[in-house]
Amino acid sequence: MRTRRQATAQLGLDSGQLLLICAAGMLTVAGIAHTAAHGLTDARVAIGFGALIAAGELARLTMPGNREVAPISTAASLGYALLLDVGGRPAGHSALEVVAVMSVGMIAGGLPHLAVGRPPRLDAMARRLLAGSLLAFAYRPLTGSLEAIARDTGEGNWWPALGVMAVLVTVMLVADVVIAAMLRANQVRTAFAVAVRDEIRMAAPLGAAVAASGILLALASHSMDMTALPAFAAPLLVTQVAFRKYAGIRATYLQTVRALSRVTEVGGYVEPGHSRRVSRLSVAVGRELGMSEPQLLELEYAALMHDIGQLSLRDPIPGGATVLADADQARRIAGLGAEVIRKTGVLHGVAEIVRRQCDTLGESPPTASRIIRAANAYDDLVGGSTDRDRAAAALERLRLDGGSAYDPGVVEALARVVDRLVLVTRL
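Rules used throughout
Within any chain, residue numbers begin from 1 and follow the written order of that chain's sequence. pLDDT decides what is reported in this predicted model: residues at 70 or higher carry local features, side-chain atom pairs at 80 or more are listed and counted, and totals for whole chains, interfaces and linings draw on all residues regardless. Excluded from the side-chain calculation are hydrogens and water; included are all heavy atoms of the structure. The cut-offs for exposure are 20% and 50% of the maximum accessible area for each residue type, with area from a 1.4 Å probe on protein chains only; residues under the lower value are buried, those over the upper are exposed, and the others partly exposed. Secondary structure elements follow DSSP: runs of H or I of four or more residues count as helices, runs of E of two or more count as strands, with numbering from the N terminus. Here the arc refers to the set of directions running from the helix axis out to each C-beta atom. Throughout, a residue-residue contact means that at least one pair of heavy atoms, one from each residue, lies within 4.5 Å. The salt bridge definition used is simple: a Lys or Arg side-chain nitrogen within 4 Å of an Asp or Glu carboxyl oxygen. To pair, rings of Phe, Tyr and Trp, with the six-membered ring standing in for Trp, must have centres within 6.5 Å; the planes then decide the type, stacked if under 30 degrees apart, edge-to-face if over 60, and tilted in the middle. Geometrically, a charge over a ring is one whose NZ (Lys) or CZ (Arg) sits within 6 Å of the ring centre while staying within 35 degrees of the ring normal. A residue counts toward a patch only above 30% relative accessible area and without a salt bridge, and it is joined to like-charged neighbours within 9 Å or, for Val, Leu, Ile, Met, Phe, Trp and Tyr, to nonpolar neighbours within 5 Å. In this description, accessible areas are obtained by the Shrake-Rupley approach with a 1.4 Å probe, and a residue is regarded as covered only by the protein chains that are shown. Each axis is a line fitted through C-alpha atoms, and for a helix only the stretch in contact is used; angles between axes span 0 to 180 degrees, taken between their N-to-C directions. Angle categories: roughly parallel below 35 degrees, roughly antiparallel above 145, roughly perpendicular from 65 to 115, and oblique for all the rest. Each crossing is labelled by how the near helix is turned from the far one, with a counterclockwise turn of less than a right angle marking it left-handed and a clockwise turn marking it right-handed.

1. Regarding helix 8 (residues 192–202)
At step 1: All of the buried residues along helix 8 are V194, A195, D198 and E199. What you see down the axis of helix 8 is that its buried residues fit within an arc of 135 degrees, all on one side.
At step 2: In this structure, the buried residues of helix 8 make contact with strand 2 (67–69), helix 7 (159–188), helix 9 (204–224) and helix 13 (293–304).

2. So, unusual backbone geometry
At step 1: With a phi close to 55 degrees, D225 is a non-glycine residue in the positive phi region.
At step 2: Of note, D225 is situated in the loop between helix 9 and helix 10 (228–261).
At step 3: The exposure class of D225 is partly exposed, given its relative accessible area of 24%.
At step 4: Of note in this structure, S364 is not a glycine but carries a positive phi near 50 degrees.
At step 5: Looking at the element boundaries, S364 is found in the loop between helix 15 (348–355) and helix 16 (367–382).

3. Some words on the pattern of salt bridges
Proximity of charged atoms lets side chains of opposite charge pair with each other.
At step 1: Summed over the entire model, instances satisfying the criterion amount to 25 salt bridges.
At step 2: In this structure, E293 engages R67 in a salt bridge whose closest nitrogen and oxygen atoms are separated by 2.4 Å. Residue E293 is found in helix 13, and its partner R67 is found in strand 2; the two are separated by 226 residues along the sequence. This pair shows no difference in class: E293 is buried, exactly as R67 is.
At step 3: Salt bridges here are not isolated pairs; linked through shared partners, they connect E57, R60, E68 and R128.

4. Digging into the packing of aromatic side chains
When we look at a pair of aromatic rings, we describe it by the centre distance and by the angle of the planes.
At step 1: In total, this model carries one aromatic pair according to the counting rule given.
At step 2: Ring geometry for F49 and Y80: centres 5.3 Å apart, planes at 35 degrees, overall tilted. Separated by 31 residues along the polypeptide, F49 in helix 2 (residues 43–58) and Y80 in helix 3 (residues 71–82) bring together distant segments of the chain.
At step 3: Judged by its relative accessible area of 0%, F49 is buried.
At step 4: Across from the ring centre of Y406, 5.4 Å away, lies the NZ or CZ of R373, which sits over that ring.

5. Notes on a nonpolar patch on the surface
At step 1: Taken together, the side chains of V174, V178, M182 and F192 present a nonpolar region at the surface, about 350 Å² in accessible area.
At step 2: The dominant element in the nonpolar patch, judged by the number of residues it contributes, is helix 7, at three residues.
At step 3: Looking at where M182 falls in the secondary structure, it is placed in helix 7.

6. Observations concerning the packing of helix 13 against helix 15
At step 1: At a minimum axis distance of 9 Å, the contact between helix 13 and helix 15 shows a crossing angle of 55 degrees. Comparing their axes, helix 15 and helix 13 come out oblique. Seen from above, helix 13 lies across helix 15 with right-handed handedness. Two secondary-structure elements touch here, helix 13 through E298, Y301 and A302 and helix 15 through G349, V350, I353 and V354.

Keep in mind these numbers describe shape, not what the thing actually does.
What follows is the structure, encoded as structure tokens:
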């Protein structure tokens, strides 16, 4: 029964991504076929926006949490979908024409990446296409009425159009967050509510900035004509460079922490792969307990460096198994490790998690510290073995020691994670 549930969950993830990609594919075919049959309403405008979309796809980046984004491409897509007129000439293109221009631009921008072996994520591209298409199908039928209102209420009165744009873009952003959260909840095995919270925290600020840029691009095209495209692309490009640097710093931090965590393994203080296994288990348990992405990042850092205090020992613990050490020695190791981490000057939260990993439940240690303690003890007892009986024996020992040393809720979450890992390994 459990095997069937796990297989169903895996199929659900694949089916969700496949459904998204198929929906985007059908929209692409419909949009291109319609445009091929009826022609472009204004080829100059369509090519200009399509080129900007392609350039944005070419400059896409990966944000923390493995989120692929293309801010310039998305802003250009929204601008084209929201366009009322260009230099005083009404923009009469249909929603399907918007889909066609977006699709061709995305494909053109993705081909160079594909040629050098960096294929774009199809689900991310599909999400961007569906978000722009949703906005186009909702907004394009209203453009005639909005232009009439602008003419009747006075030249340059774009407030009604701006209000409609803001409302529809907000609906589009909400729909995009929900779709992203549904996919991510299955992908990383976390609760849907947690996935929604993470998407709002991590992706919504950039999404709001891009949406505002798309609205301004559509409005500016009225007076600036096609010069609005490079004028708005330049600040977006600067913003994207800043986001790329931020993502690079985050990646460098994690690589540095991973390298530092291997010092104890190279020095023979712990078994090879111990820190990596404890980190993987801890993050999985954290997701099982509903921790947010910033909390999971701190947990991953702390789990990778939880044994760094062992470098101060004259006589290493056999196998580095701190679960076999006495309580005072384990606390001293944790304290020394926390001091090493604190000297970095930027990981104070991580240092506190490491320092308190040996606290009893009566001392109310942070949830991250409780998780690391249980994951470390499990790996000390099991190592890299995937034997189900050995795993069950280790979990039973943690349960028997629960109530003071190990949090029962954490141990049960660990048991569910271990059960999935053993199943996947066997399959």
